[in-house]
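Report on the structure
Here is how the chains run, residue by residue.
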Amino acid sequence: MANFTQKTIEQFFQEYSVPEDKREKVLMSVTPLVYDRNQHVIKWEKAGEEEEKKKIEILIVEKDKAIKQKITDILGGKEVEIPYDF
């Protein structure tokens, strides 16, 4: 079984080698995704039944893929819509 832990945005920066000049854009783009991912990790840690954990694992993996895609798009020069909650 997988073992998930919460991750900081800085850990994603390091994992995907985000250069300094792209960090602000990546930060604005992935912050909501990282927050959601970490909330799922908390639920996964508290889940008692294996079936419930497996459902949450799928959500965590999906968030990881979405975060990777956003970072890859930004580093590749694609225009990425950045959500603003003001």
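These numbers were taken from a predicted model, which means no experiment stands behind them.

**Some details on the nonpolar core**
The biggest cluster of nonpolar side chains holds 11 residues, and these are I9, F12, F13, V18, V26, V30, L33, V34, I67, I71 and I74. For this core, the secondary structure elements donating two or more residues are helix 1 (9-15), helix 2 (23-46) and helix 3 (50-75). Looking at this core, the element that brings in the most residues is helix 2, giving four residues. The residues contacting V30, other than those within four sequence positions of it, are I67, K70 and I71. By size, the runner-up hydrophobic cluster in this structure holds six residues, among which are V41, W44, A47 and I56.

**Digging into helix 2**
The end-to-end C-alpha separation of helix 2 is 32 Å, in line with the 34 Å expected for 24 residues at 1.5 Å each. Of all the bends in helix 2, the greatest reaches close to 50° and is centred on V30; the proline P32 follows between one and four positions later. Of all the positions in helix 2, only R23, V26, S29, V30, L33, V34, R37, N38, H40, V41 and W44 are classed as buried. As for helix 2, its buried residues are in contact with helix 1 and helix 3.

**Here we look at the packing of helix 2 against helix 3**
It is at 9 Å that the axes of helix 2 and helix 3 come closest, and there the two elements cross at 170°. With respect to each other, helix 2 and helix 3 are oriented roughly antiparallel. The residues of helix 3 that touch helix 2, namely those facing K25, V26, S29, V30, L33, V34, D36, R37, H40, V41, K43 and W44, are K53, I56, E57, L59, I60, K63, D64, A66, I67, K70, I71 and I74.

**Some remarks on the pattern of salt bridges**
Per the counting criterion, the structure on display carries six salt bridges. Salt-bridge contacts for K7 lead to E15; the nearest nitrogen and oxygen are separated by 2.7 Å. Given the relative accessible area of 22%, K7 is considered partly exposed. Among the ionic pairs, E10 bridges to R23, the shortest N-O distance being 3.1 Å. Pair noted here: E10 is in helix 1 and R23 is in helix 2, with a separation of 13 residues, a long-range link. The exposure class assigned to E10 is partly exposed, which follows from its relative accessible area of 37%.

Conventions adopted
Residues numbered from 1 in each chain as written. Predicted model: local features only at pLDDT ≥ 70, side-chain atom pairs only at ≥ 80, totals over all residues. Heavy atoms only, no water. Core = buried A, V, L, I, M, F, W, Y, C linked by side-chain atoms within 4.5 Å. Buried < 20%, exposed > 50% of the residue type's maximum accessible area, 1.4 Å probe, protein only. Helix = DSSP H or I, 4+ residues; strand = E, 2+ residues; numbered from the N terminus. Contact = heavy atoms within 4.5 Å. Expected span 1.5 Å × (residues − 1). Bend = angle between axes of the 7 residues up to and from the residue. Axes fitted to C-alpha atoms, helices over the stretch in contact; angles between N-to-C directions. Parallel < 35°, antiparallel > 145°, perpendicular 65-115°, else oblique. Salt bridge = Lys/Arg side-chain N within 4 Å of Asp/Glu carboxyl O.

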